[in-house]
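A look at the structure
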Amino acid sequence: MRKRYDEQLQNLHAALIRMGEMIEGAILSAVSALQAHDVESARTIIAGDAEIDQQERLVEGLCMKLLLSQQPVAGDLRRISAALKVITDMERIGDHATDISELTLMLDGAPGMGAGDLRAMADKTCDMLRMSLAAFVAEDVDGARAVIDMDDEVDALFLRVKGDIIEAIRSGRNCGEEAADLLMAAKYFERIGDHATNIAEWAVYAATGLRGDEI
Amino acid sequence: MTTKFSVQHMDLHYGAFHALKDVNLNIRAHEITAFIGPSGCGKSTLLRSLNRMNDLVEDCRITGDIRLDGEDIYAPGTDVNMLRKRVGMVFQKPNPFPMSVYDNVAYGPRTHGVKKRAALDAIVEKSLRDAAIWDEVKDRLHRSALGLSGGQQQRLCIARALAAQPEVILMDEPTSALDPISTGRIEDLAMELKRDYTIVMVTHNMQQATRVSDSTVFFLLGEIIESGKTEAIFSRPQDKRTEAYITGRFG
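Residues numbered from 1 in each chain as written. Chains lettered and ligands numbered in written order. Predicted model: local features only at pLDDT ≥ 70, side-chain atom pairs only at ≥ 80, totals over all residues. Heavy atoms only, no water.

**Things to note about the sheet that holds strand E2 (residues 17-28) of chain B**
Residues and elements named next belong to chain B. Spelled out, the test is: Pairing between two strands is assigned when DSSP locates at least 2 bridges connecting them. Helix and strand assignments follow DSSP, with helices taken as H or I runs no shorter than four residues and strands as E runs no shorter than two, numbered in order from the N terminus.
Taken in spatial order, the four strands of this open sheet run E2-E1-E4-E5, and their pairing is antiparallel. At either end of the open sheet lies a strand with only one pairing partner, and these are E2 and strand E5 (71-72). Examined bridge by bridge, strand E4 (residues 60-68) and E5 share two bridges and lie antiparallel to one another. Pairing of Arg 67 across the sheet is with Asp 72, part of E5.

Printed below as a string of C-alpha cells:
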C-alpha cells in the first residue's frame, strides 16, 4: 500500500545521499588544494558550490511536494521535516568547503604548520557527514549517536591545530598571515563537525521523535 | 480537565461476534476526542454505546462499565431518554426530518414538554445560532429543511441536537458526505462548541482528526491500540500499528 508514496520517500533519501557525496568530495578536495596550494583545484571547488545549492533546491522541492501531496504524519512527517532541516546544515558545510578554498587562494604557498591535523579534521568530518546521512536514511539511532560522540574528536583536533599555530607564532617565524588563515581553516572544519552533529541529531529525531536534550 | 465519560473493562458482543474487547478509556470534558481506525474496528460501536443506541440492536450484549459524570449509564432503572437528551448524536448522512427548519429544531424540546411559543422561538434561534446556520435560514424557518444544501442540513442536524441542551455530542463521520467548504464549517463549529459541550467524533479523515481533535483514540479489531493527545499520536505514535494506519500503510 502507498507504493508511490514510498517511492517518493526513497527518491528523497537518494537525493540527500547524492548531496552528501557532492559535499564530501568538496571537503576532501578543499583540504588537498589547501595543502598542495593547488589554486586551480580551489577555483573548481568554489565554482562547484552552485551545484550543491542546486541539489539543495531539488531536495527542498521533493520535500515540499511530499508535504503537499501526501500530507504526511508521524514518522513520515518527521523524516520529511527533518530532511528540510538537514539540507540547511549540508548547504552550510558546502559553503565552508568554499571558504577553505578561498583561503587557499589567499595563501602564498603550501602551509608550513598544522597540515597533518587539518587533513585529519577533513577525514573525520567527512566520516561524520557520511555516517550521519547513512543513519538518517537507515533510521539508525546508534549510528547517529556515534556521530554525535565523534564531534569531541574534531574539537580536540581543532585545539591541537590551534596549539601548533600558537607555537609557530611564538617561535618568531614570520608567519602571522598564514597562521591567521590556517586557524580560520581549522575553525571551518570544526564548524563542519558541528553541522554533521546537527544532521545526526535530526536523524535521531526522524527515527524516534526525540529532540535536543532528550537524545 | 474533568472526565466526562469513563469506560472500564467494557466488552460488547453482537451475537457471537466480539465487537469490542476490554475497552478502557476516559473521555475528557470540553475536549474533542477523535475515534479513528479501519472500517469494522469498533469505533462507531463504542460511540453508539455512549448513549445506548446499541440497545436498539438485536443480540447486542454489553458487559463492563460506562459512566457519565460518574453514573453508570447501563445501571438498571437508567432513563434512556434522559441519557440521550444529555448525549446527543449527529450522523454521517444529514437526516433532517421532512418538516420545516423550525420544526426540526423544535422537535426535541416539544417532545420534552416545551409548549410555549416564545420559549420554543428562543431555543430554535439559539440552537441555530450556535450551529452557525442562523443567518442562512432565518428568513426561511418555515420552509422545508429538505431544500437546504447538504452542509446546511448537517448544521441543522447539529442545531437539532443542541436544542435538547445536551452535555455531550457524538458525531459519527459528520463530514464524510460534505464538500470541503461545508466540512470546514462543521470543523470550525465543532471547535466552537467544545467550550460548552464535550464532543466525540468518529472520522476516517486523518487530517480532520489532526485539525480538530484534542485527543485521539486508535481502534483495531475491537481493541483500543493507543490513545492520547492528538499531537503526540500523529507525531510520535508509540505503537507500530498506529503508525502504519495513520500513515496509510494499512487499513
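**Observations regarding the nonpolar core**
Condition: What is meant by a nonpolar core is a set of buried Ala, Val, Leu, Ile, Met, Phe, Trp, Tyr and Cys residues, joined one to another through side-chain atoms within 4.5 Å. Accessible area is worked out with a 1.4 Å probe on protein chains only. A residue is then buried under 20% of its type maximum, exposed over 50%, and partly exposed in between. Note on contacts: a residue pair is in contact if any heavy atoms of the two residues lie within 4.5 Å.
The biggest cluster of nonpolar side chains holds 67 residues, and the ones touching the most others in it are Ile 27, Met 90, Leu 118, Met 121 and Phe 189 of chain A. Elements with a minimum of two residues in this core: helix H1 (3-36), helix H2 (39-70), helix H3 (74-106), helix H4 (115-138), helix H5 (141-170) and helix H6 (176-208) of chain A. Sorting elements by how many residues they give to this core places H6 of chain A first, with 15 residues. Discounting residues that sit within four places of it in the chain, Met 90 of chain A has contacts with Leu 16, Met 19, Gly 20, Ile 23, Leu 133 and Ile 199 of chain A. Counting 34 residues, the second-largest nonpolar core is a separate cluster that includes Val 105, Trp 134, Ile 169 and Val 212 of chain B.

**Some points on unusual backbone geometry**
One non-glycine residue, Gln 71 of chain A, lies in the positive phi region at around 40 degrees. Mapped onto the fold, Gln 71 of chain A is located in the loop between H2 and H3. Owing to a relative accessible area of 45%, Gln 71 of chain A belongs among the partly exposed residues under this scheme. Of note in the backbone geometry, Gln 165 of chain B takes a positive phi value of approximately 50 degrees without being a glycine. Tracing the chain through its elements places Gln 165 of chain B in the loop between helix H6 (150-163) and strand E7 (168-172).

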